[in-house]
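In case you want the letters, here they are:
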Amino acid sequence: MKKRGQITIFIIIGIIILIVVALLLYVQREKVSGFLNQPIETIPSQYLPVKNFVQGCVANTATQAIMLLGLQGGYLQIPQWAQADPRAGISLTPDGNMRIPLWYYHDQNHVPTIEGMQNEITTYIGKNLNLCLKNFTALSDRFNIQASDKIDITTQIGDEAVTIHMKFPLRTQLLEEPEASQDIITFISSVPVRLRRMHRLAKEILNAENKLSYIENITIDLMAAGPDIPFSDMAFDC
């Protein structure tokens, strides 16, 4: 009876583990579906050039945003605190229009958040997407496209890619079939860059440097090794 009781306990624990795993998988799936917000939009094949064109423009604009964000240390818009103090960042151009704000300055942590980067990428796409779309002139020989004024963009930074989900209602007509039309609403584009992993690694490097003062200590070691640098009877600390 004792052995049977132990086996029953293991069975119950096993069932609980299975339930927990199933719940975790369900929650993860719901998160993904919640981000996409609706099932995959299916449209007739003759309208696919419009969808592909828009998604290509979203991907190109997002790539521009990510490249600029990467060059500027996780910021698309240089924060006011970094603009006000020339020593709070490293200028990449002589005019200072491109800068890398210091993540740690005057004992203050300025590491950009994932949410902040997502919002900046979203804003950049919203402001610059039309530079690529150009009022759909590239498709004007085949389609008549009426675009809605309402556009909703969401950016998700993942470990393997940055995904952009956009709702942009388009009423699309084939010029050879003016009596038929198709509404295209949902556009999903993905840029294969490991931005979240880069962000996480950069924070780990920053935290390690702040804890160990590696760069400062090796600088002192190099000063001590330099025969032309007066070092005796002098005190340094990081």
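None of the values given here were measured: they were computed from a predicted structure. Each chain carries its own residue numbering, running from 1 in the written order of its sequence. pLDDT decides what is reported in this predicted model: residues at 70 or higher carry local features, side-chain atom pairs at 80 or more are listed and counted, and totals for whole chains, interfaces and linings draw on all residues regardless. For side-chain calculations, the full set of non-hydrogen atoms in the structure is used, while hydrogens and water are omitted.

Take the confidence of the model for the chain next. Interpretation of the predicted coordinates at a detailed level should be avoided for regions scoring low in pLDDT. Confidence of the prediction at every residue is given by pLDDT, a number between 0 and 100. On average, residues of the chain carry a pLDDT of 84, and 82% of them reach 70 or more. Runs of H or I in DSSP of at least four residues are treated as helices and runs of E of at least two as strands, each being numbered from the N terminus. Per-residue pLDDT, averaged within each element of the chain, yields its smallest value for helix α1 (residues 2-36) (54) and its largest for strand β6 (residues 152-157) (97). For residues 2-6, every residue scores under 50 in pLDDT, and the model assigns this stretch zero contacts once sequence neighbours within four places are set aside. By the convention used here, residues are in contact when the closest approach between their heavy atoms is within 4.5 Å.

Within the patch definition used here, like charges are joined within 9 Å and nonpolar side chains (Val, Leu, Ile, Met, Phe, Trp, Tyr) within 5 Å, considering only residues with over 30% relative accessible area and no salt bridge. In short, Shrake-Rupley with a 1.4 Å probe defines the accessible areas, and a residue's cover is counted only from the protein chains shown. Each reported salt bridge corresponds to a side-chain nitrogen of Lys or Arg within 4 Å of a carboxyl oxygen of Asp or Glu. On the surface, a cluster of nonpolar side chains totalling about 540 Å² of accessible area is made up of L212, Y214, I215, I218 and L222. If one sorts the elements of the nonpolar patch by residue count, helix α6 (residues 214-225) sits on top with four residues.

To continue, consider the nonpolar core. In plain words, nonpolar cores are sets of buried Ala, Val, Leu, Ile, Met, Phe, Trp, Tyr and Cys residues tied together by side-chain atoms within 4.5 Å. We call a residue buried when its accessible area falls under 20% of the maximum for its residue type, exposed when it is over 50%, and partly exposed in between, using a 1.4 Å probe and counting protein chains only. If you look at the biggest cluster of nonpolar residues, it comprises 36 residues, and the most contacted ones within it are V54, I121, L133, F136, M166 and L170. Among the elements of the structure, α2 (48-71), α4 (114-133), β5 (143-147), β6, β7 (162-174) and β8 (177-191) are those that each provide at least two residues to this core. Of all the elements, α2 adds the most residues to this core, at nine residues. Apart from residues lying up to four places away in sequence, L133 is in contact with F53, V54, C57 and F168.

This paragraph deals with the pairing of β6. Burial along β6 is one-sided: I153, T155 and I157 are buried, and none of D152, T154 and Q156, which face the opposite way, are. In this analysis, strands are considered paired if DSSP registers two or more bridges between them. As defined by bridge partners, β6 adjoins β7 across six bridges and the pair is classed as antiparallel. Directly across from Q156, in β7, lies its bridge partner T163. From the end of β6 to the start of β7, which pair antiparallel, there are four residues.

Moving on: α2. Given a helix with a known number of residues, its expected span is that number minus one, times 1.5 Å. Taking 1.5 Å as the rise per residue, α2 with 24 residues should run 34 Å; its terminal C-alpha atoms sit 34 Å apart, in good agreement. Count one or two residues on from α2 and you reach G73, which has phi positive near 65°.

The next subject is helix α5 (residues 195-212). Taking 1.5 Å per residue as the helical rise, α5 with its 18 residues ought to reach 26 Å, and the 26 Å between its terminal C-alpha atoms agrees with that figure. By the burial criterion, the buried members of α5 are L195, H199, L206 and E209. Projected down its long axis, α5 shows its buried positions confined to an angular sector of 90°, all on one face. Looking at α5, the residues exposed on the side facing more than 90 degrees away from the buried face are K211 and L212. Buried residues belonging to α5 abut α2, β3 (104-105), α4, β6, β7 and α6. Arc, as used here, means the arc of the directions from the helix axis to the C-beta atoms.

Quick look at the packing of α4 against α5 now. Only the contacting stretch of a helix is used when fitting its axis, a line to C-alpha atoms as for every element, and angles between N-to-C directions run 0 to 180 degrees. At a minimum axis distance of 11 Å, the contact between α4 and α5 shows a crossing angle of 140°. Judged by the angle between their axes, α4 and α5 are oblique. At the point where α4 passes α5, the crossing takes the right-handed sense. Touching I114, M117, Q118 and I121 of α4 are L195, R196 and H199, all from α5. Tallied by class, the residues present in the contact of α4 with α5 amount to four nonpolar, two polar and one charged. Roughly parallel means an angle under 35 degrees; roughly antiparallel, over 145; roughly perpendicular, 65 to 115; everything else is oblique. Crossing handedness is read from the near helix: turned anticlockwise from the far helix by less than a right angle, it gives a left-handed crossing, and turned clockwise, a right-handed one. Think of it as three bins: nonpolar holds Ala, Val, Leu, Ile, Met, Phe, Trp, Tyr, Cys and Pro, charged holds Asp, Glu, Lys and Arg, and polar takes everything else, Gly as well.

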